[in-house]
Amino acid sequence: MSLDIVSLDIVQMVLVTVLTAATPLILAGIGELVVERSGVLNLGVEGMMVLGAAAGFAVATQTGSTGLGALGGAGAGLLLAALFGVLTVGLAANQVASGLALTILGLGLSGLVGAGYVGMKRDPAPHLHLPGLTDLPGIGRLLFGHDAFVYAALLLVVGVWWFLWRTRAGLILRAVGDDHTATHALGLKVRKVRFLAVLFGGACAGLAGAYLSLAYTPFWAPAMTAGRGWIALALVVFASWQPLRVAAGALLFGGATVLQLHAQAAGLGLPGQLLSALPYLATILALVLLSLGRRRGGSLAPAALGRVFAPSR
Amino acid sequence: MAAASAAPAPRGGPTPLFGAYGIVKRFGAFTANDGVDLEIRAGEIHALLGENGAGKSTLMKILYGLLEPTEGVVTHQGDIVRLANPEAARALGIGMVFQHFSLCENLTVAENIALVMPAALTGRALAERIARLGADYGLHLDPARPVWSLSAGERQRIEIVRCLLQNPKLVILDEPTSVLTPGEAEALFAVLERLRDEGRALLYISHRLDEVRRLCTRATILRGGRVVGTCDPRAESARSLAAMMVGTGVSEVRPKSVGGSRGERLVLDRLTLPAPGLHGTPLRDIALRVAGGEILGIAGIAGNGQAELFDALSGESRAPAAGAVRFDGRAAGHLGINARRRLGAAFVPEERNGHAAVPPMNLSENALLSRHATAPLTRFGLLRLGAARALARRVVDAFDVRGAGPDPAAGTLSGGNLQKFVVGREILAEPGILVINQPTWGVDAAAAARIRQAVLDLAGRGSAVVVISQDLDELFEIADSIAVLHAGALSRPVPTGATSRAALGLLMGGVGEPETQTGEPPAAPAIRTAAPVL
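Analysis parameters
- Residues numbered from 1 in each chain as written.
- Chains lettered and ligands numbered in written order.
- Predicted model: local features only at pLDDT ≥ 70, side-chain atom pairs only at ≥ 80, totals over all residues.
- Heavy atoms only, no water.
- Helix = DSSP H or I, 4+ residues; strand = E, 2+ residues; numbered from the N terminus.
- Buried < 20%, exposed > 50% of the residue type's maximum accessible area, 1.4 Å probe, protein only.
- Contact = heavy atoms within 4.5 Å.
- Areas by Shrake-Rupley, 256 points an atom, 1.4 Å probe, with all protein chains shown as cover.
- Pairing = 2+ DSSP bridges.
- Axes fitted to C-alpha atoms, helices over the stretch in contact; angles between N-to-C directions.
- Core = buried A, V, L, I, M, F, W, Y, C linked by side-chain atoms within 4.5 Å.
- Buried area = accessible area lost by both parts, 1.4 Å probe.
- Salt bridge = Lys/Arg side-chain N within 4 Å of Asp/Glu carboxyl O.
- Polar contact = N/O pair within 3.5 Å; in protein donor to acceptor, adjacent residues only side chain to side chain.
- Nonpolar A, V, L, I, M, F, W, Y, C, P; charged D, E, K, R; others polar.
- Expected span 1.5 Å × (residues − 1).
- Arc of directions from axis to C-beta.
- Patch = residues over 30% accessible without salt bridge, like charges linked within 9 Å, V, L, I, M, F, W, Y side chains within 5 Å.

Q: Could you give me a rundown of the overall build of chain B, with the residues and numbers involved?
A: Secondary structure assignment for chain B yields 16 helices and 23 strands. By residue count, 53% of the 534 residues in chain B fall in the buried class. Counting only contacts in chain B whose residues sit at least 6 apart along the sequence, the fraction spanning at least 24 positions is 66%. Summed over all atoms, the accessible surface of chain B reaches about 21500 Å², with 53% contributed by carbon and sulfur.

Q: Which residues make up the sheet that holds strand E1 (residues 18-27) of chain B, and what are the values?
A: All names here are of chain B. Read from one edge of the open sheet, four strands run E2-E1-E4-E5, paired in antiparallel fashion. Of all the strands in the sheet, the pair left with one neighbour each is strand E2 (30-40) and strand E5 (79-81). Each adjacent strand pair in this sheet contributes to an overall mean axis angle of 30°, direction not counted. Sheet topology note: the E1/E2 ladder contains eight bridges and is antiparallel. Residue pairing across strands places valine 24 opposite aspartate 34, the latter belonging to E2.

Q: Lay out unusual backbone geometry with the relevant residues and their values.
A: With a phi close to 55°, alanine 92 of chain A is a non-glycine residue in the positive phi region. The exposure class of alanine 92 of chain A is partly exposed, given its relative accessible area of 27%.

Q: Explain the nonpolar core to me, using residue names and the numbers behind them.
A: Most often, soluble globular proteins keep nonpolar side chains buried together rather than apart. Residues Ile113, Leu115, Ile172, Leu192, Leu203 and Tyr204 of chain B are the most contacted members of the largest nonpolar core, which totals 156 residues. Here this core gets 12 residues from one element, more than from any other, and that element is helix H9 (residues 190-216) of chain A. Grouped together as the second largest cluster of nonpolar side chains are 44 residues, Val348, Ala392, Val455 and Ala459 of chain B included.

Q: An account of the interface of chain A and chain B is needed here, citing residue identities and associated values.
A: Listed as interface residues are 22 residues of chain A and, on the opposing side, 26 residues of chain B. Of the roughly 2000 Å² buried where chain A meets chain B, counting both sides, 56% is carbon and sulfur surface. Among the salt bridges present, the one from glutamate 111 of chain B reaches arginine 174 of chain A, with a minimum N-O distance of 2.9 Å. Across the chain A-chain B interface, the total number found is seven residue pairs in polar contact (both at pLDDT 80 or more). Element by element, the count of residues in the side of chain A that touches chain B is highest for helix H7 (residues 168-178) of chain A, at six residues. In the side of chain A that touches chain B, the residues fall into eight nonpolar, seven polar and seven charged.

Q: Any details on helix H11 (residues 243-266) of chain A? Residues and values, ideally.
A: Residue and element names in this part refer to chain A. Across its 24 residues, H11 extends 35 Å between first and last C-alpha, which sits within 8% of the 34 Å expected from 1.5 Å per residue. If you check which residues of H11 are buried, you get Pro243, Arg245, Val246, Ala247, Gly249, Ala250, Phe253, Gly254, Ala256, Val258, Gln260 and Ala263. Where H11 terminates, the next one or two residues include glycine 267, which has phi positive at roughly 65°.

Q: Could you give me a rundown of the sheet that holds strand E14 (residues 325-327) of chain B, with the residues and numbers involved?
A: Residues and elements named next belong to chain B. With respect to topology, four strands assemble into an open sheet ordered E12-E11-E14-E15, the strand pairing being antiparallel. Across the chains shown, the open sheet's two edge strands, defined by having one partner strand only, are strand E12 (283-291) and strand E15 (330-331). As judged from the six bridges shared by strand E11 (residues 264-273) and E12, these two strands associate in the antiparallel manner. Bridge pairing in E12 links leucine 268 to leucine 288. Across the sheet, helix H9 (residues 306-314) lies against E11, E12 and E14, angled at about 120° from E11, the strand it touches most.

Q: With reference to specific residues and values, describe helix H8 (residues 238-246) of chain B.
A: Residues and elements named next belong to chain B. Among the residues of H8, Leu241, Ala242, Met245 and Val246 are the ones counted as buried. Axial view of H8: buried residues confined to an arc of 125°, hence all on one face. Buried positions along H8 lie against strand E3 (45-49), helix H7 (209-215), strand E9 (218-223), strand E10 (226-231) and helix H14 (445-460).

Q: Tell me about a nonpolar patch on the surface, and please be specific about residues and values.
A: Residue and element names in this part refer to chain A. Side chains of Leu83, Val86, Leu87, Leu91, Leu105, Leu109, Leu112 and Val113 sit close together on the surface and give an oily, nonpolar patch of about 670 Å² of accessible area. A per-element tally of the nonpolar patch places helix H4 (residues 95-114) first, with four residues. With respect to the helices and strands, the residue leucine 83 is situated in helix H3 (residues 66-90).

Here is the structure:
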């Protein structure tokens, strides 16, 4: 690919690709961020995401509606998360073990749900088209030419940021994640808050999976999430549990992915494996530097993260 | 929580503001409260007295809606009410100041307060209310500060302000002075007396009998989950109150037998250490000498370098020069904890849970953790669990540590019992040097007496003991001489008999030694280094 004619449209094309590659990470990462802010560590993101992909594709194919497919994907993620919530929040089971089991369960269930749909193709989710605006050269497609998933992901980032730092419910969620003993002593419903957060995270992960099978690559293939759930988990940690940083990290990751694909195609002479590792290295490096910059005396992570809570009553 | 049928007849007198009648609370086979009656009237400070494990906390939690009683009723102005949760209790005007503050460390002061406020009250309006109330009662707080950066006294102020913002009719205070300095405690008493004069009721839980006698007009005494008496604490002596709490007469500690003085055993020589972290206190030019058979008390307000001094003595932080810390004449400043233990020293840190003991581990495992350096508890790097269990058993027997089962997890013990275990574990090693930080913090009278006696007996056998404590009564009871730590600098030790509470209080506040004093003031200036300008 020749790089000597860098026109605005090529830049736009690259940016559009970056945004679409980042969208599933944003959706799943923001969901997990809310879960972890409430003090629960759900390692089952990959499982909920892949089940969302299978269920989303199945529902969309059966009903012929991408919208219902997206709802189906989110619902499947939510149901799987509900199981996790019953175990870890209700029965105080170990969160790490339950989360890992959830991933394995989700991979298995998705194979079952998607068995009849392997090899089928659908049209990708429709893209926004505003006459005039979308056709603007250079920025039209970047701003006004995406599918609903992309806009939903961006709204989710802003919405969760606003929820966590501008609403009372968000304050309670953060308090529960910081010290469940203290918040319980104040009479706040620790387990209810955590269960709802787990459900929200599951729905987000399911929606992220549905985006993959309905919009990003509109078909179903087993294990098609290809580790994106794990990357979303890592993003949350390296983003210091800040929604805007999760979005930035996801975009960086998407950007590095697109960049290394182009670099491999251009034949730079570097080993392909090294280039494939580039997005991971770049994202980790950037977010580590970001979190180093503002170290204070308090704890960056939700202090109760991963600790089970069983009230005495 | 709606009012229901008529309440049981109050026992004489006007209808109490709040009453609890026939309260029974069982946890499995264990009965924490067994038929407890309590009446609280408006405009009184009512004391709830009892040892650790007497059922005070359970009763408080029932009144605040955190626990529901197995049997019995709670009444409000004569009507039976159901306190299903703390929200219901708050709606009735019950507020609580927790002993172990229920604050989220990583949230700000205002956020912690907003957690229990009506949803409409947020942001600037809330900050204004906090400031107004603070100015009114002298409880100043910066709403934007995160809680982790605040001292214990400031944290308690948050709890009190949070409680008062709800305009409570009844304020429950659980051991409110246990983490406060004498000055902070005086300020708290002034607030409490004002609340009483405003017609509010206060339920005051404390181990400190002189406080109870000063503040309270009625006391209910619990022992083993039952009410064993009510009285007017002003008409009782601290001794008679303690006897009611414990059931038998509390023995005053016996003075230690004189003897076994073996010259200087512990020496700190011009020890200077930088602050360990952003919120730590640097140690400035600290010098002290403790002889065998001597107990040196170190008084001071929390956060003036106690933790840093303890760390420097125990080896958690090393001295810049090896000779700055000397045990029995040997330089130990560069040594770690275990090496210092092998020189015959032992250490009891302030925090029981997580520093002195690992809560989820058994007592025998906890015995191993500090004693493996000095006792034959391992062989070829393998644990000798039988020997560890035997050692734990010896500590349990010698110090009357009560817990469930033969080798319970440390975290399941009550505070007093765990503290007896931790102190006993170190004292049974017969250390030549013992450093102990806040030996009886939050411990009931009987356990505290036992611990103090053990420390005195150890010194009587010729050991040098350093006791860091915020409890001046304790220091006057057991220490031979007392020095004051202020802003990381240590005053010259003064014999206990030659100083007074007032003189120490001035030093603790950073004010120099007053020239005129009863007794025999030391000739030299009391403070080696001037109080630093912060």
